[in-house]
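Structure at a glance
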Amino acid sequence: MTAHAKIPPRTPETVQISIEGMTCASCVGRVEKALLSVPGVLSASVNLATERADVHVSDPSIGPDLIAAVEATGYAVPGRTVALAVEGMTCASCVGRVERALLAVPGVTAANVNLATEHATVEGTADVSVLIAAVAETGYTAREVSRETGAEEAKAARKDAEQALLKRDLGLAAAFALPVFVLEMGSHLIPGMHALIGSTIGHQASWLLQFALTTFVLAVPGMRFYTKGIPALLRGAPDMNSLVAVGTLAAYLYSVVATFAPGVLPAGTVNVYYEAAAVIVTLILLGRYLEARAKGRTSEAIKRLVGLQAKTARVRREGTVVEIPVADVTAGDIVEVRPGDRLPVDGEVVDGESFVDESMITGEPVPVAKSAGAQVVGGTVNQNGALAFRATAVGGDTMLSQIIRMVEAAQGSKLPIQALVDRVTMWFVPAVMTLAALTFGVWLMWGPDPALTFGLVNAVAVLIIACPCAMGLATPTSIMVGTGRGAEMGVLFRKGEALQLLKETRVVALDKTGTLTEGKPALTDLELAGGFDRADFLAHVAAVEVRSEHPIARAIVAAAEADGLEPLTAEDFTSVTGYGVEATVAGVRVQIGADRFMRKLGLDPAAFAQTADRLGDEGKAPIYVAIDGKLAAIIAVADPIKDTTPEAIAALHDLGLKVAMITGDNARTAQAIARRLGIDEVVSEVLPDGKVDAVKRLKALGRLAYVGDGINDAPALAEADVGLAIGTGTDVAIEAADVVLMSGSLQGIPNAIALSQATIGNIRQNLFWAFAYNTALIPVAAGVLYPAFGILLSPVFAAGAMALSSVFVLGNALRLKRFAAPAPGHAPTARQAAAPAAIPAE
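What counts as what
Residues numbered from 1 in each chain as written. Predicted model: local features only at pLDDT ≥ 70, side-chain atom pairs only at ≥ 80, totals over all residues. Heavy atoms only, no water. Helix = DSSP H or I, 4+ residues; strand = E, 2+ residues; numbered from the N terminus. Buried < 20%, exposed > 50% of the residue type's maximum accessible area, 1.4 Å probe, protein only. Contact = heavy atoms within 4.5 Å. Areas by Shrake-Rupley, 256 points an atom, 1.4 Å probe, with all protein chains shown as cover. Pairing = 2+ DSSP bridges. Patch = residues over 30% accessible without salt bridge, like charges linked within 9 Å, V, L, I, M, F, W, Y side chains within 5 Å. Salt bridge = Lys/Arg side-chain N within 4 Å of Asp/Glu carboxyl O. UniProt positions renumbered as here; feature names shortened; annotations may be inferred. Core = buried A, V, L, I, M, F, W, Y, C linked by side-chain atoms within 4.5 Å. Axes fitted to C-alpha atoms, helices over the stretch in contact; angles between N-to-C directions. Parallel < 35°, antiparallel > 145°, perpendicular 65-115°, else oblique. Nonpolar A, V, L, I, M, F, W, Y, C, P; charged D, E, K, R; others polar. Left-handed = near helix turned anticlockwise from the far one by under 90°. Phe/Tyr/Trp six-rings, centres within 6.5 Å; stacked < 30°, edge-to-face > 60°. pLDDT = per-residue confidence, 0-100. Expected span 1.5 Å × (residues − 1). Polar contact = N/O pair within 3.5 Å; in protein donor to acceptor, adjacent residues only side chain to side chain.

**Description of the overall build of the protein**
In terms of helices and strands, the protein carries 30 helices and 30 strands. Counting the 842 residues in the protein, one finds 53% classified as buried. Considering only residue pairs separated by 6 or more positions, the protein has 70% of its internal contacts joining residues 24 or more positions apart. Summed over all atoms, the accessible surface of the protein reaches about 34700 Å², with 58% contributed by carbon and sulfur.

Right, here's the structure in full:
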């Protein structure tokens, strides 16, 4: 990778909010509805897996209103830590003034200002722009200091604490629920145990013991369901917690009445269901714990990217090298890195030579040589030499920081396929509660004795089995793992919906120069006549061509320089219009041009006829050279095809796709290239401003992905259904694209498409499981099989099945972590030529 493109940062009109307490798809819909009701919100997307909302707003200052809207729905917005660099402070009174201004901002819970470092650390939910404005009102200037690592570590610590609490509560619930389960279910399952309990502690004492143990399970480890579920129910917006709360409380309160006031109940209905309430809470806590562990693994890609950021940097300051926090590095600093060091920021090498492992950016395993003038990227690893480089991008502007933001944005996005889930889940929980009430009423009126007991048990089973956790996790978890795996492979999805659109792609259109080819013309063929020496020949030809700025001339000069030839001097340089050029070199006349120039000079090019025919079939234009009046050689200068191009096209064909090429070459040359590479469709003789029309025409063949790298590719990238930009290309092309291939290798194209197919397939599997599970088991829980088969679904088994569904969906999504790229090492098919082809320069 010769150059690194800058990835456009997220637009300032996007506000991100972390949200705690969401448990299912209905929670997501509720939060989105609340956010959309805030004036100034253009759109809102809430992701259950990342527990984050991406809100597009017309005015970023409405951040506090967004937080208030989320909290009004019953969910929490955790505080975050913001680091500000404050300029202009000179004494302790300045510090006090800035601290008081920051603490006065609504949403700030703590503020600490350090005069020595000129940094302020602020905790709370206040928007950064509001904090900076508050500092400005005191007469000082402030800017945000990038603290991605610290923020990610704080988030990880919060997740670890949540997981530890779940583990503790699960242990307590299991310890107290097990005796309840043994006392009650043992009496039904183990012969003689019912009599044993009656002859020892007595059945009434057994019920009292079950009451005490179950009360603890519900009041301590299970309290989370009631503190969240009951208020949500009272607000008329029930969620998964509401289903669990209503179901377990119904079983518990019925049992309490049977224990302490049995006379209230009809004859034959005095039974206790303490074990259902206690075991349901335990099983759902088990599901939550396993879910938390699995969700932690879905975000490992971001954690790994953040882990690539260096903590400190060695910077030259006032004639010495000092080690400072990476956040304190400023643009223009000279940074030194030793062998084995991770580069702290982006920059340009000013001194030293080394090889740098850039696999974390490009996915390419081969280290890249770096010397003065080369671009380096923060997060990459220096290999065997010492380097000094000038910092060009620091903090949030580094490529790694931008990649992290891009991956986060893709992980938090919604695919078109999610629209169906959103429509269903908005009414799903209220519908389930209605169905549970209907189940209770039907059993109470028409069920066999004891009808009240049957009605209660089946209604509770309906409430528990229908929790829509799996629905809410089905899409976002697959997106998180899929986009994370893509980042590891050097495929960055700038827009999450590109995942789905790539899956539906039928045609891949490729720009030729710089995409299929290296974009740099080179001497590819040289055949000498007898009596001529290659080195002497190249030295004479290069001496003539050094006077020309034509790409062909530059390629010949570069070939001579690569061979280490001493430069000669040309005299009497003349351009013969329509024929070629000529000059005198070391007393010898050198003439270079097409076959018609040779004939004009009285020379017969037929000696090279066979070579000329071959070059013509390969799409190359032959050039002849005469030295001292004799025909000396036939040469060809072409833009070489990238080594990875044949394999990438073969892999695209293996995926069942058509491949098209858009080029400015004439039709004969373009067809020659197409034959060699196995390209299906060719659009030739396209002027730079005609690529959009070419893309429109090719769309008739099916959904189209366009791959390009230049400024003139940006309109075509935007016109295509999916635009893929080569990461070595320009900023403009990357900004117009939906997917960025971080290396110049075309193998990223089949990798991206295959990953898209795998991810969408994974999402569909998850959605099928989630919907089929609920569709099939809700009627079973309601008791539709009882009249014909005598089968009822116990609430305990319903809770276990519900927990299992979420774990299944997460486990299925995690399979994407093992996705293997189809392109590397792929053998070219018979339609590819054995020898690498070359394409005449445009």
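**Quick look at the pairing of strand β24 (residues 630–640)**
Counting buried positions along β24 yields nine of 11 residues, so the element is predominantly enclosed. By the bridge criterion, six bridges tie strand β19 (residues 522–528) to β24 in an arrangement that is antiparallel. Across the sheet, the residue bridging to aspartate 525 is alanine 636, located in β24.

**Topic: a nonpolar patch on the surface**
Nonpolar side chains collect at one region of the surface, where Leu435, Leu438, Val442, Leu444, Met445 and Trp446 lie side by side and expose about 640 Å² of accessible area between them. You can see leucine 435 is positioned in helix α14 (residues 418–446). Take leucine 435: its relative accessible area is 31%, and that puts it in the partly exposed class.

**Observations regarding the sheet that holds strand β12 (residues 354–357)**
Pairing is antiparallel across the open sheet formed by three strands, whose spatial order is β13-β12-β15. At either margin of the open sheet sits one strand with a lone partner, and together these are β13 (368–370) and β15 (381–382). As judged from the two bridges shared by β12 and β15, these two strands associate in the antiparallel manner. Pairing of aspartate 357 across the sheet is with valine 381, part of β15.

**Overview of the UniProt feature "transmembrane region" (unreviewed entry) in the protein**
UniProt marks residues 170–190, 205–223, 243–265, 271–290, 424–446, 452–475, 767–786 and 792–814 with the feature "transmembrane region" (unreviewed entry), using the numbering shown here. Helix makes up 87% of residues 792–814 and strand 0%, with an end-to-end C-alpha separation of 34 Å.

**Overview of the nonpolar core**
The biggest cluster of nonpolar side chains holds 138 residues, and the ones touching the most others in it are Leu35 and Leu66. The greatest single-element share of this core, amounting to 14 residues, is contributed by helix α28 (residues 748–782).

**Focus: the packing of helix α8 (residues 223–234) against helix α9 (residues 240–260)**
Interhelical geometry of α8 versus α9 gives an angle of 105 degrees and a closest axis separation of 7 Å. When the interaxial angle is binned, α8 and α9 end up roughly perpendicular. Contacts between α8 and α9 involve Phe225, Tyr226, Lys228, Gly229, Ile230, Ala232 and Leu233 from the first element and Asn241, Ser242, Val244, Ala245, Val246, Thr248 and Leu249 from the second. Per-class residue counts for the contact of α8 with α9 are nine nonpolar, four polar and one charged.

**Some points on the sheet that holds strand β3 (residues 52–57)**
Spatially, β1-β3-β2 is the arrangement adopted by the three strands of the open sheet, whose pairing is antiparallel. Across the chains shown, the open sheet's two edge strands, defined by having one partner strand only, are β1 (14–18) and β2 (41–47). Pairwise comparison of adjacent strand axes, ignoring direction, gives a mean angle of 20 degrees for this sheet. For β2 and β3, the ladder comprises six bridges, and the chain directions are antiparallel. Bridge pairing links serine 45 to aspartate 54 in β3. Strands in contact with helix α1 (residues 25–36) are β1, β2 and β3; relative to β2, the strand with the most contacts, it is inclined by about 160 degrees.

**A few points about the packing of helix α19 (residues 534–545) against helix α20 (residues 551–562)**
Where α19 meets α20, the closest approach of the two axes is 9 Å, and the angle between their N-to-C directions is 140 degrees. Relative to α20, the element α19 is oriented oblique. The interaxial crossing formed by α19 with α20 has left-handed handedness. Of the residues in α20, those touching α19 at Leu538, Val541, Ala542 and Glu545 are Ala553, Ile556, Val557, Ala559 and Ala560. Taken together, the residues of the contact of α19 with α20 break down into eight nonpolar, no polar and one charged.

**Observations concerning the packing of aromatic side chains**
Within a pair of aromatic rings, the relevant descriptors are the distance that separates the centres and the angle that separates the planes. Throughout the structure, instances matching the rule amount to 11 aromatic pairs. Measuring from centroid to centroid gives 5.3 Å for tryptophan 443 and phenylalanine 454, while their planes differ by 25 degrees, and the two rings are stacked. Here tryptophan 443 is found in helix α14, whereas its partner phenylalanine 454 is found in helix α15 (residues 451–465), with 11 residues between them in sequence. We note that tryptophan 443, like phenylalanine 454, is buried. Through pairs of rings, three or more aromatic residues link up here, namely Phe211, Tyr252, Phe260 and Tyr274.

**Some remarks on the confidence of the model for the protein**
Averaged over all residues, the pLDDT of the protein equals 82, while 88% of them reach at least 70. Across the protein, the element-wise mean pLDDT spans from 32 in strand β30 (residues 838–839) up to 94 in strand β10 (residues 334–337). Contacts of residues 823–842 to residues separated by more than four positions or lying in other chains number 61 contacts, the stretch itself having pLDDT below 50.

**Some details on the environment of alanine 535**
Mapped onto the fold, alanine 535 is located in helix α19. Separated by 28 residues in sequence, alanine 535 and aspartate 563 have C-alpha atoms that sit 7.9 Å apart.

**Regarding the pattern of salt bridges**
A pair can form between side chains of opposite charge whenever their charged atoms are brought close. The full count for this structure, using the stated rule, is 17 salt bridges. Among the ionic pairs, glutamate 336 bridges to arginine 314, the shortest N-O distance being 3.7 Å. Placement of glutamate 336 in strand β10 and of arginine 314 in strand β8 (residues 312–317) is noted, with a sequence separation of 22 residues between them. The partner of glutamate 719 in a salt bridge is lysine 699, with the nearest N and O atoms 3.2 Å apart. Highlighted residues: glutamate 719 in helix α26 (residues 714–719) and lysine 699 in the loop between α25 (691–698) and β27 (704–708), separated in sequence by 20 residues. Using a relative accessible area of 24% as the deciding quantity, one classes glutamate 719 as partly exposed. Classification of lysine 699 by relative accessible area gives partly exposed; the value is 27%. A network of salt bridges, in which partner residues are shared, links Arg168, Asp169 and Arg224.

**As for the side chain of threonine 611**
Inspection of the secondary structure assignment puts threonine 611 in helix α22 (residues 609–617). By relative accessible area, threonine 611 is classed as buried at 10%. When neighbours within four sequence positions are excluded, threonine 611 is seen to be in contact with Glu527 and Ile634.

**Notes on α28**
End to end, α28 covers 51 Å across 35 residues, agreeing with the expected 51 Å (1.5 Å per residue, within 8%). Looking at the residues trailing α28, positive phi occurs at glycine 783, about 100 degrees.

**A look at the side chain of asparagine 382**
By the element assignment, asparagine 382 lies in strand β15. Of note is the side chain of asparagine 382, whose polar atom sits 2.5 Å from the backbone oxygen of glycine 385. Once residues lying within four places of it in the same chain are set aside, the contact partners of asparagine 382 are Val337, Arg338, Pro339, Gly340, Asp341, Leu343, Ser354, Phe355, Val356 and Leu387.

**Quick look at the pairing of strand β9 (residues 320–325)**
Relative to β9, β8 is paired through six bridges, and the arrangement is antiparallel. Bridge assignment links arginine 314 to a residue of β9, and that residue is glutamate 323. Once β8 ends, the chain turns through two residues before running back antiparallel as β9, passing glutamate 318 with a positive phi of about 55 degrees.

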